[in-house]
Amino acid sequence: MSSTGAPEEYPIRAEGLTLAIVATRWNAPVVGSLTERAAATAKELGAKVDIYHVDGALELPVVVQSCARRYDAVVALGCVIRGETAHFDYVCDSVTAGLTRIALDEETPVGNGVLTVEEEDQAYERAGGEDAKEDKGAAATRAALSAAAELRKVRSLPVKD
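Calculation rules
Residues numbered from 1 in each chain as written. Predicted model: local features only at pLDDT ≥ 70, side-chain atom pairs only at ≥ 80, totals over all residues. Heavy atoms only, no water. Helix = DSSP H or I, 4+ residues; strand = E, 2+ residues; numbered from the N terminus. Rg over C-alpha atoms; globule rule 2.2 N^0.38 Å. Contact = heavy atoms within 4.5 Å. Areas by Shrake-Rupley, 256 points an atom, 1.4 Å probe, with all protein chains shown as cover. Lys, Arg positive; Asp, Glu negative; His and termini not counted. Charge placed at Lys NZ, Arg CZ, Asp CG, Glu CD. Disulfide = S-S within 2.5 Å. 1 Å grid on protein atoms, 1.4 Å probe; cavity = no way out; pocket = protein on both sides within 12 Å on 5 of 7 lines; lining within 4 Å. Points joined across faces, edges and corners; volume = space filled by probe spheres on them. Nonpolar A, V, L, I, M, F, W, Y, C, P; charged D, E, K, R; others polar. Polar contact = N/O pair within 3.5 Å; in protein donor to acceptor, adjacent residues only side chain to side chain. Buried < 20%, exposed > 50% of the residue type's maximum accessible area, 1.4 Å probe, protein only. Pairing = 2+ DSSP bridges. Right-handed = clockwise from strand over helix to strand, strands pointing away. Phe/Tyr/Trp six-rings, centres within 6.5 Å; stacked < 30°, edge-to-face > 60°. Axes fitted to C-alpha atoms, helices over the stretch in contact; angles between N-to-C directions. Parallel < 35°, antiparallel > 145°, perpendicular 65-115°, else oblique. Left-handed = near helix turned anticlockwise from the far one by under 90°.

On to the overall build of the protein chain. Assigned secondary structure in the protein chain consists of five helices and four strands. Secondary structure of the protein chain in N-to-C order comes out as β-α-β-α-β-α-β-α-α. Taken against the 2.2 N^0.38 rule, which gives 15 Å for 161 residues, the C-alpha radius of gyration of the protein chain at 15 Å falls within 12% of a compact globule. Expressed as lengths along the three principal axes of its C-alpha atoms, the size of the protein chain is roughly 55 × 30 × 30 Å. Partitioning the contacts of the protein chain with sequence separation of at least 6, the portion at a separation of at least 24 is 78%. Of the roughly 9200 Å² of accessible surface on the protein chain, 51% is carried by carbon and sulfur atoms. Distance between charge centroids for the protein chain: 8 Å, based on 17 positive and 26 negative side chains.

If you want it as structure tokens, here you go:
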């Protein structure tokens, strides 16, 4: 999510919703901040939160998919920092495509809070910590819970014949 054009804060009714946060162990200080902010935001909005951990970004989709079958919404958190090889591009593309496919296949909102940055300082600027310019963990959580709340309304309607 880019901050440019972001919606202004709006109320989200997440009471009674469940949220799984799946976070990577790579780049632990950055992802730890993302996770703290995501969990705090979900609790502020009234959702029940469970947190799961995987080693790296490529492991996110399989655990996110299992969670998507059991929770109202899921947030994937990680941090991929560009290196000297094309590995960065492969990982970022694969994770993004996987998370998108899971959301559509499972009809469960998946907030993508996987930072894809050029350098570590950029990650800290987006991780929601002290003096950070952005809070991507909170933003991914708000997006996922907002969509889950809307889906709750849609699913309360009768299915069209």
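Let's pick the thread back up.
Considering all chains together, one arrives at zero disulfides under this definition. Unpaired in terms of disulfides, Cys-79 finds its nearest cysteine sulfur in Cys-92, a separation of 9.5 Å.

This part is about the layout of surface pockets. The volume enclosed by the second largest pocket comes to roughly 280 Å³. Lining the second largest pocket are 15 residues; nearest its centre among them are Trp-26, Cys-79, Val-80, His-87 and Val-91. Contributions of two or more residues to the lining of the second largest pocket are made by strand E3 (73-81) and helix H3 (87-106). Class assignment for the residues of the lining of the second largest pocket results in eight nonpolar, six polar and one charged.

To continue, consider the side chain of Thr-141. Examined against the element boundaries, Thr-141 turns out to sit in helix H5 (residues 136-155). In terms of polar contacts, Thr-141 uses its side chain to reach the backbone carbonyl oxygen of Gly-137, at 2.9 Å. Excluding its chain neighbours within four sequence positions, the residues that come into contact with Thr-141 are Leu-19, Ala-38, Thr-41, Ala-42 and Val-75.

The next thing to look at is the pairing of E3. The element E3 is largely enclosed, with a buried count of eight among its nine residues. Pairing of strand E1 (residues 18-24) with E3 involves five bridges; the strand directions are parallel. Counterpart to Val-22 in the pairing with E3 is Ala-76. Pairing analysis gives eight bridges linking E3 to strand E4 (residues 110-117), with the strands arranged parallel. Bridged to Val-80 within E4 is Thr-116. The parallel pair E3 and E4, bridged by H3, forms a crossover whose chirality is right-handed.

A few words now on the packing of aromatic side chains. Enumeration over the complete set of coordinates arrives at one aromatic pair. Consider the rings of Tyr-52 and Tyr-71, whose centres lie 6.2 Å apart with planes at 75 degrees: the pair is edge-to-face. With Tyr-52 in strand E2 (residues 48-54) and Tyr-71 in the loop between helix H2 (60-68) and E3, the pair connects residues that are 19 residues apart, well separated along the chain. Look at Tyr-52 and you get partly exposed, because its relative accessible area is 33%.

Their axes nearest at 9 Å, the elements H2 and H3 cross at an angle of 15 degrees. As far as their axial angle goes, H3 and H2 are roughly parallel. Taken as a pair, H2 and H3 cross one another with a handedness that is right-handed. When H2 is examined against H3, the residues Leu-60, Pro-61, Val-64, Gln-65 and Ala-68 are found in contact with a partner set consisting of Val-95, Leu-99, Arg-101, Ile-102 and Glu-106. Split by residue class, the contact of H2 with H3 holds seven nonpolar, one polar and two charged.

Bear in mind that shape data such as this cannot, by itself, settle questions of function.
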